[in-house]
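# Observations on the three-dimensional arrangement
Listed below, chain by chain, are the residues.
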Amino acid sequence: MKIENVETYFLKIPLDLAIRDSSFNVSYIGFPAVKLTTDDGLEGWGFNWNTAGGAEFAKEMIDRYMKSALIGKDPMNRKKLVADLFSVENFGWDFRLGKNGLAVMAVASLDMALWDILCKKADLPLWKLLGGFHGRVEAYNTHGGWLSWTTEELVSNAKKLVSEGYRAIKIKVGSPEPRDDYERLKAVRSAVGNFTKVMIDANTRWDLETATRWGRKFDDFDPFWFEEPISPLDIRGHATLRGRITTPIAIGESIHNKFTFRDYIEQGAADILQVDATKVAGITEWIEIANYAGMNNINVYPHTNIQQPLHVQLVAASTNASVVEHVPWLLDVWKDPLVPKQGFFELPKSPGAGTQIREDAIEKYGQKS
Ligand SMILES: [Mg+2]
């Protein structure tokens, strides 16, 4: 089998409802996508995304530098192809563009597309190809805790989600006045009771002193985890905070390579890893990190704003992974979107990695370049 064609797209997808957390105002998703076509007629789809400008340059990287490294190659040699992609223009050695940068976004989408071809060749959904473990996957809902919502909106939405069957919800913290976050968390915990998991997420906004002072107070409300309390660059700071508060610390959505995850694990700096296949170099690296986490008795709960059809499958095939984040975005973009029912995702049945988008979504949201 050979790769005959590489087509790229860039979609700019507006959100119905602009939202805010401590670091981002989000009004659209930037979405580079790629389709590989093989000489025996298979299509492999990959994608990446962000909530800021710049994701269109991942498409540029594929068009200008990576496409030619794939044409005519056997897609079954995925590991060699991915290694070669990092060698194009020395991206593997340029840390501004390479192992932490734009090249990771581009390579991740191509790694996914190669897995998608493998799944379709095997006529299996990804979770079956990898070896199924969970029969369904619990969802937690983040679309209920934005900082741009009032406490009243937060509480009524939390109650609605629990009535819909969710057993886990996340709210944002990291406000300029942390006491506001304390009052909001207190109100939500009181509204949903003690049997609902409530996660909190500061989106890297605080310093160690603020995260310590307020993390200790948050402990009273038994958060299931405290996500990105401080800068992701500060591994030692996370280890210090972990010794000071009882709430488990979760990190991952701002980490772009397996060695940084290894260092978090080995320095005792995190309880939970939120590895995201779109933030590291794709499915292959996600599996490596999840396996190493498992060997260290650490669970993976992937960060997932839009990529549920992929991450639900990765979690379903992992012995040390669980709950997948749900935000109801891009449901009209995926070929096979996943929406939780009674708080759980059912596993997809169609062959593929869950990365394929609808052709009419390209017509609707595609940007001409
Ligand atoms: Mg987060």
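Predicted model, so just to flag it, every value in this text is computed and none were measured.

## Overview of the overall build of the protein
- For the protein, the helix and strand inventory stands at 12 helices and 12 strands.
- Expected size for 369 residues packed as a compact globule is a radius of gyration near 21 Å; at 20 Å, the protein falls within 12% of this value.
- The principal-axis extents of the C-alpha atoms in the protein amount to approximately 60 × 40 × 40 Å.
- Counting every position in the protein, which comprises 369 residues, the buried fraction comes to 57%.
- Within the protein, contacts between residues separated by at least 24 positions form 71% of all contacts whose residues are at least 6 apart in sequence.
- Of the roughly 15300 Å² of accessible surface on the protein, 48% is carried by carbon and sulfur atoms.

## Things to note about the coordination of the magnesium ion
- Only Asp201 (OD), Glu227 (OE) and Glu253 (OE) from the protein reach the magnesium ion as donors, at distances of 2.0 to 2.2 Å.
- When the donors of the magnesium ion are listed by position in the chain, the intervening gaps give D-x25-E-x25-E. With Asp201 in strand β6 (residues 197-201) and Glu253 in the loop between β8 (249-251) and α9 (258-266), this pair connects stretches of sequence that are 52 residues apart.
- Note on Glu253: relative accessible area 11%, which makes it buried.

## Quick look at helix α11 (residues 308-316)
- Within α11, nine of the nine residues are buried, leaving the element largely enclosed by the surrounding structure.
- Looking only at α11, the buried set comprises Gln308, Pro309, Leu310, His311, Val312, Gln313, Leu314, Val315 and Ala316.

## Notes on the sheet that holds strand β3 (residues 43-47)
- Taken in spatial order, the three strands of this open sheet run β1-β2-β3, and their pairing is antiparallel. Each end of this open sheet is capped by a strand with a single partner; those strands are β1 (3-20) and β3. Averaged over all pairs of adjacent strands, the angle between strand axes in this sheet comes to 20°, irrespective of strand direction.
- Where strand β2 (residues 25-38) and β3 come together, five bridges link them in antiparallel fashion. Directly across from Lys35, in β3, lies its bridge partner Trp45.

## Let's talk about the pattern of salt bridges
- In total, this model carries 26 salt bridges according to the counting rule given.
- With its nearest N and O atoms 2.8 Å apart, the salt bridge here joins Arg213 to Glu209. Highlighted residues: Arg213 and Glu209, both in helix α7 (residues 208-218), separated by four residues, approximately one helical turn.
- Arg262 is the partner of Asp263 in a salt bridge, and the nearest nitrogen-oxygen pair spans 3.1 Å.
- Among the residues examined, Asp263 registers a relative accessible area of 23% and is labelled partly exposed.
- Among the residues examined, Arg262 registers a relative accessible area of 34% and is labelled partly exposed.

## Focus: the domain arrangement of the protein
- With domains assigned, the protein is organised as domain 1 (3-123 + 357-365) and domain 2 (128-345).
- If you look at the interface, domain 1 gives 35 residues, while domain 2 gives 37 residues.
- Regarding the contact of domain 1 and domain 2, the summed buried area is about 2900 Å², with carbon and sulfur atoms giving 68% of it.
- Where domain 1 touches domain 2, the interface holds two salt bridges.

## Quick notes on the nonpolar core
- Core analysis: the largest hydrophobic core is formed by 87 residues, its most contacted members being Leu11, Phe31, Leu273 and Trp329.
- The residues that make up this core include at least three from each of domain 1 (3-123 + 357-365) and domain 2 (128-345).
- Setting aside residues no more than four positions away along its own chain, Leu11 makes contact with Ile29, Gly30, Phe31, Val333, Ile357, Ala361, Ile362, Tyr365 and Gly366.
- Formed by 25 residues, the second largest nonpolar core is a distinct cluster that contains Leu42, Val82, Leu85 and Phe86.

Here is what the cut-offs are and how they apply
- Residues numbered from 1 in each chain as written.
- Predicted model: local features only at pLDDT ≥ 70, side-chain atom pairs only at ≥ 80, totals over all residues.
- Heavy atoms only, no water.
- Helix = DSSP H or I, 4+ residues; strand = E, 2+ residues; numbered from the N terminus.
- Rg over C-alpha atoms; globule rule 2.2 N^0.38 Å.
- Buried < 20%, exposed > 50% of the residue type's maximum accessible area, 1.4 Å probe, protein only.
- Contact = heavy atoms within 4.5 Å.
- Areas by Shrake-Rupley, 256 points an atom, 1.4 Å probe, with all protein chains shown as cover.
- Donors = N, O, S within 2.8 Å, 3.2 Å for Na, K, Ca; no water.
- Pairing = 2+ DSSP bridges.
- Axes fitted to C-alpha atoms, helices over the stretch in contact; angles between N-to-C directions.
- Salt bridge = Lys/Arg side-chain N within 4 Å of Asp/Glu carboxyl O.
- Domains from an automatic or database assignment.
- Buried area = accessible area lost by both parts, 1.4 Å probe.
- Core = buried A, V, L, I, M, F, W, Y, C linked by side-chain atoms within 4.5 Å.

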